[in-house]
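Descriptive structure summary
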Amino acid sequence: MSSDARRPRAGACVTCRSRKRRCIPTSFGEPCQLCHSLGKPCSLSLVARPTRVDREPPPAVEERLSNASDDNITGLVSRQLSIELVTLYFSYIHDIPHTIFHEPTFMRRINDGTAPMVHIYAMCALAARFSDNAIFDTTAPCDRGHSFATEAVRLCQSYMISPSLESVQGFLLIGYYYSGEGNLDGKHIYVGLARLHAERLSCSEDASAVYQEEYRRAWLSIHVASHWSAWDMAMEPESLTKGPDFLPRIDDATWRTASAEMLNLHQTQDVFRCDMWAQMARTLGVFAKIHTLLLQMSHDAISFDDYCSQAAELEVTLDQWAENLPPRLTWNFDNLMFLAGRRLGQIYLAMHVGVFHFRQMLFFPFLDARAAKKLGPNQANKCKESAAVVSSILQYCKNIRNCELDYFIYGHIGVVSSCVHLHTLLFSDDFRELSMTRQRLVSNFQYLMALKSYWPIVEHHTIHLRTFQNSCRDSISDPFVLDNWMARFLTEHSSLLSERQLGPVQATEPGTPVVSERRTGSGNATPAVLLTIEFLTSQQNRNDTNPVVDGPVQSNDISRLLHDQEITGEALIDSALSWLLDDRYDSTKVTPT
């Protein structure tokens, strides 16, 4: 490679990195080979300087990193940009995966210059992907946080041996950033540091109301994050039974709006109970038990009868939780619109999508054909119903203001929901059910396509979906048997999964569609051809009865394709996944509405 084709800095471009491809440069100053083939800007391409400019353009974010200062916002991020990005952080991130700050207090501190820089940089790292600021025009959304995160990590060094609530919050923010990048070790280490620092703190009754509540909410966020982190590392999470009370005591609506002075003087509460984080905290034990049950059965540590018995108990617990919710927090559309108008729609959807995800996981083993023969379809239908609600929530979050769930963990939840829909498309005979499932799958895939432009880890989630679909295609028996691979697929949203081994696969010639003897949704157990988009296109002039897709498949095209009743269930699935994963399709063209 000639020296004039070198990049300004080492490493792959954001497109190649997110797709785990080798980044191969072309001629000097041009995009890499992959970006050139996709017709999209390359984040590491060399841009020639114009011969004449009216004014010098502002330096890139990366170029200003060396000028960052510990005690003021003059280097990497200006005061105006920091306020913009921190506002986006509170709009898109905070109160969805975690709840560790009192927003009115933090915004007052950033305006008067007293907010910790480590928090500002970490918030910017998480939120820059959502910015419309012109400074990011040449940087892909999922690549914008790197420099901010680097500075936040640097600033964290001074906190390492000085535990404080400030250090706990900073470590958690960096852990969440690494989680979105798919960096398991980084996430696990920083969440662990947050926990270690929190264990050295205490909360005096003389402390301010804001400090006490941030302390409780930080512990709750540690509890949530440490479970996800441990499961992704194939470890058992440490119990917090001896830890402090981490249930929030201040109502979420009040916590979001009341000033620190009001909280200190009156402990003002909302006129109705709106304690959604406290309600969510009460489901964490159920989630842990579901995870343990799935692993135990996948390792033959318990029998299927034992699983049925314990699953029934957990179902009762979840039902009781739902019955005990205040009327305004129960799941219905009227409550969603009421809370969305009070800027609480995100927390409401996050609470319910989490619980319905727990339910779709709990009932997933009943999709096994052997379970259906033994127990009937009722339990499997509960799994399908939960997956359908998950799809509805992901659709609501795209279309209702103040309800956005543009956080990466919902990519994993959407993938599990999609896998339940795949089961329906492969095995159902009910035409109406098939039609609704096609719509839900369209909605899920469009949501995933938009989400993966923001978070590198979501590309990994969609690859999990392809791996799952391959296991369905290659299986000579029921692909929904709960083995160790399936349990890991359901519970480990960030870990790497190899291809599932389910027995010998029928050899085929390259380019030949795979033939399966499974039911395809047409009502007949006849051989179903698993078509790809490439195969459909190549057959356009050979067989007029085959559905044909002309050119790259975009959002509206995939909707038409999946609603075409002439396409079998398996062809539908494979074509949709090709749209979601194929490098030729530009995911940046599909954005949340």
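Residues numbered from 1 in each chain as written. Predicted model: local features only at pLDDT ≥ 70, side-chain atom pairs only at ≥ 80, totals over all residues. Heavy atoms only, no water.

**A word on the packing of aromatic side chains**
Stated precisely, the cut-off is as follows: Each Phe, Tyr or Trp ring (for Trp, its six-membered ring) is paired with any other whose centre lies within 6.5 Å, and the angle between the two planes then decides the class: stacked below 30 degrees, edge-to-face above 60, tilted in between. Strands here are runs of E lasting at least two residues and helices are runs of H or I lasting at least four, both read from the DSSP assignment and numbered beginning at the N terminus. Classification of residues uses two cut-offs on accessible area relative to the type maximum, computed with a 1.4 Å probe and protein chains only: under 20% is buried, over 50% is exposed, and between them is partly exposed. The rule is short: NZ of Lys or CZ of Arg within 6 Å of the ring centre and within 35 degrees of the ring normal puts a charge over the ring.
As enumerated under the stated definition, the model contains 22 aromatic pairs in all. Taking the centre distance of 6.3 Å and the plane angle of 65° together, the rings of F130 and W455 count as edge-to-face. One end of the pair, F130, is in the loop between α5 (117-127) and α6 (146-156); the other, W455, is in the loop between α20 (431-451) and α21 (456-474), with 325 residues separating them in the sequence. Comparing F130 with W455, the two get one shared label, buried. Both rings, one in Y407 and one in W455, keep their centres 5.4 Å apart while their planes meet at 75°; by these two values the pair is edge-to-face. With Y407 in the loop between α18 (378-399) and α19 (409-427) and W455 in the loop between α20 and α21, this residue pair connects regions lying 48 residues apart in the sequence. For Y407, a relative accessible area of 2% translates into the label buried. Taking the relative accessible area as the measure of exposure, W455 reaches 0% and is therefore buried. Taken together, the aromatic side chains of Y92, F130, Y407, F408, Y454 and W455 make up a single cluster linked through ring pairs. Directly above the ring of W455 sits R129, whose terminal nitrogen or CZ lies 3.7 Å from the centroid.

**Topic: the pattern of salt bridges**
Quick reminder of the rule: Salt bridges are counted wherever a side-chain nitrogen of Lys or Arg sits within 4 Å of a carboxyl oxygen of Asp or Glu.
The tally for this structure, following the rule as stated, stands at 13 salt bridges. Linking E199 and R195 is a salt bridge whose minimum nitrogen-to-oxygen distance equals 3.2 Å. Highlighted residues: E199 and R195, both in helix α8 (residues 184-199), separated by four residues, approximately one helical turn. Here K382 and E315 are joined by a salt bridge, their closest N and O atoms 2.7 Å apart.

**Notes on the nonpolar core**
Note the following rule: Throughout this description, the term nonpolar core refers to a set of buried Ala, Val, Leu, Ile, Met, Phe, Trp, Tyr and Cys residues connected via side-chain atoms within 4.5 Å. Here a residue-residue contact requires only that any non-hydrogen atoms of the pair lie within 4.5 Å.
In this structure, Y89, F364, L405, Y410, W455 and F468 are the most contacted members of the largest nonpolar core, which totals 146 residues. The greatest single-element share of this core, amounting to 12 residues, is contributed by helix α16 (residues 345-363). When near neighbours in sequence (up to four residues on either side) are disregarded, W455 contacts I93, L126, R129, F130, C142, G180, D406, Y407 and F408.

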